[in-house]
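# Chain and residue survey
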Amino acid sequence: MPTEHLFATGAEAAADLAARIASILSQAVAARGIATLAVSGGRSPRPVLEALRQVDLDWGKVVVTLVDERWVAPDSADSNERLVRETLLQGAAAQARFVPMKTDAADAYAGQPAVEAAFAALPWPLDIVLLGMGDDGHTASLFPGAAELAEGLSSSARTIAVTPPAAPHQRLSLTASAILDSRQVFLQIGGAGKKAVYDRALAGGPVEELPIRLALLQDQVPVDVWIAQS
Ligand SMILES: O=C(O)[C@H](O)[C@@H](O)[C@H](O)[C@H](O)COP(=O)(O)O
């Protein structure tokens, strides 16, 4: 059962979530000499990452990577790598080690083996996985109706290439098992529409219908949900 944190606005939720992430990263560095953070793309993470950049951390001991990536050039406006580089990896936080998900391979399927090898070399479990959720209940790039969804939900691999049914780009995504091979999962939900999808997911049902259930209907990893009313 997730732990819910309710806020009136996305800005308040983002500031509070950034502080919680910073605290966990700092504790991880103190305990193990390294901290690992995997973040999603989209709109929600932006204010969290901008706030996190301001925090005084031993950034040289922090590894930052992605929950998923669109198979686009890293300088594309749709690139999650670009999002992280622009919002988080600036100033002192630029000392963090960034592990990308995009390679020069022609497509996500050709690129996946090299990314899988790079991710296998990360220190698992990850300390933090930051998830978002689409209106269709997708999380990471595990989309309802995607041909690779069943594999993404069941594979013991850490990454998978996905062609979303309705999104423009091929994706590279963490699998469900990789998302849950972590010490803490955070989920950001904003607005009444997504809250309704979240509540429906929480009520139970097939993971394939609402893939966010992979994180909500499990007790392997603590999941905290930051819910903003607007
Ligand atoms: O690359 C992506 O698009 C994200 O990883 C995706 O899974 C995102 O988390 C949801 O679509 C929610 O997006 P918002 O944060 O914009 O609501």
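- Labelled according to an unreviewed UniProt entry, the chain appears under the name 6-phosphogluconolactonase, originating from Sphingobium cyanobacteriorum.
- As recorded by UniProt, the Pathway (unreviewed entry) comment attached to the chain reads in full: "Carbohydrate degradation; pentose phosphate pathway; D-ribulose 5-phosphate from D-glucose 6-phosphate (oxidative stage): step 2/3."

## A closer look at the UniProt feature "domain: Glucosamine/galactosamine-6-phosphate isomerase" (unreviewed entry) in the chain
- UniProt's feature table lists "domain: Glucosamine/galactosamine-6-phosphate isomerase" (unreviewed entry) at residues 11-216, given in the numbering used throughout.
- Taken end to end, residues 11-216 is 37% helix and 17% strand, and its first and last C-alpha atoms sit 24 Å apart.

## Overview of the site of the ligand
- Lining the immediate environment of the ligand, one finds 15 residues, of which Arg 43, Ser 44, Asp 68, Ala 140 and Lys 194 sit closest.
- Here an oxygen atom of the ligand and a side-chain polar atom of Ser 44 are 2.6 Å apart.
- Between an oxygen atom of the ligand and a side-chain N or O atom of His 138, the distance comes to 2.9 Å.
- Coverage of the ligand by the protein chains reaches 93% of its 420 Å² of free accessible surface.
- Its residues placed into classes, the shell around the ligand shows two nonpolar, eight polar and five charged.

## Looking at the packing of aromatic side chains
- Overall, the coordinates contain one aromatic pair when judged by the stated rule.
- With centroids separated by 5.2 Å and ring planes inclined at 90°, the aromatic side chains of Phe 186 and Trp 226 adopt a geometry described as edge-to-face. Placement of the pair is Phe 186 in strand β9 (residues 185-190) and Trp 226 in strand β10 (residues 223-228), with a sequence separation of 40 residues. Across the pair, exposure class does not vary: Phe 186 and Trp 226 are buried alike.

## Here we look at unusual backbone geometry
- Looking along the chain, the bond that leaves Trp 124 and enters Pro 125 is cis, with omega of -5°.
- Following the sequence through the fold, Pro 125 ends up in the loop between α4 (108-120) and β6 (128-131).
- In the Ramachandran plot, Ala 140 falls in the positive-phi region, its phi being about 50° despite a non-glycine side chain.
- Structurally, Ala 140 can be placed in the loop between β6 and α5 (149-154).
- For Ala 140, a relative accessible area of 6% corresponds to the buried category.

## Overview of the sheet that holds β10
- Here we have seven strands laid out as an open sheet, ordered β1-β10-β9-β6-β2-β3-β5, and parallel in their pairing. The strands lining the two open edges of the sheet, one partner per strand, are β1 (3-7) and β5 (97-99). Strand after strand, the sheet turns through a mean of 20° between neighbouring axes, direction not considered.
- The pairing of β6 with β9 spans three bridges and is parallel. Residue pairing for β9: Leu 130 is matched across the bridge by Phe 186.

## What about the nonpolar core?
- With 79 residues, the main nonpolar core has Ile 21, Leu 88 and Ile 179 as its most contacted residues.
- The dominant element in this core, judged by the number of residues it contributes, is helix α1 (residues 10-32), at 10 residues.
- Discounting residues that sit within four places of it in the chain, Ile 21 has contacts with Leu 37, Val 48, Leu 52, Ile 128, Leu 130 and Phe 186.

## Re the side chain of Glu 116
- On the secondary structure map, Glu 116 appears in helix α4.
- One buried charged residue, Glu 116, remains without a salt bridge, the closest side chain of opposite sign being Arg 158 at 5.4 Å.
- Setting aside residues no more than four positions away along its own chain, Glu 116 makes contact with Ala 157, Arg 158 and Thr 159.

Rules and cut-offs
Residues numbered from 1 in each chain as written. Predicted model: local features only at pLDDT ≥ 70, side-chain atom pairs only at ≥ 80, totals over all residues. Heavy atoms only, no water. UniProt positions renumbered as here; feature names shortened; annotations may be inferred. Helix = DSSP H or I, 4+ residues; strand = E, 2+ residues; numbered from the N terminus. Near = heavy atom within 4 Å. Polar contact = N/O pair within 3.5 Å; in protein donor to acceptor, adjacent residues only side chain to side chain. Areas by Shrake-Rupley, 256 points an atom, 1.4 Å probe, with all protein chains shown as cover. Nonpolar A, V, L, I, M, F, W, Y, C, P; charged D, E, K, R; others polar. Phe/Tyr/Trp six-rings, centres within 6.5 Å; stacked < 30°, edge-to-face > 60°. Buried < 20%, exposed > 50% of the residue type's maximum accessible area, 1.4 Å probe, protein only. Pairing = 2+ DSSP bridges. Axes fitted to C-alpha atoms, helices over the stretch in contact; angles between N-to-C directions. Core = buried A, V, L, I, M, F, W, Y, C linked by side-chain atoms within 4.5 Å. Contact = heavy atoms within 4.5 Å. Lys, Arg positive; Asp, Glu negative; His and termini not counted. Salt bridge = Lys/Arg side-chain N within 4 Å of Asp/Glu carboxyl O.

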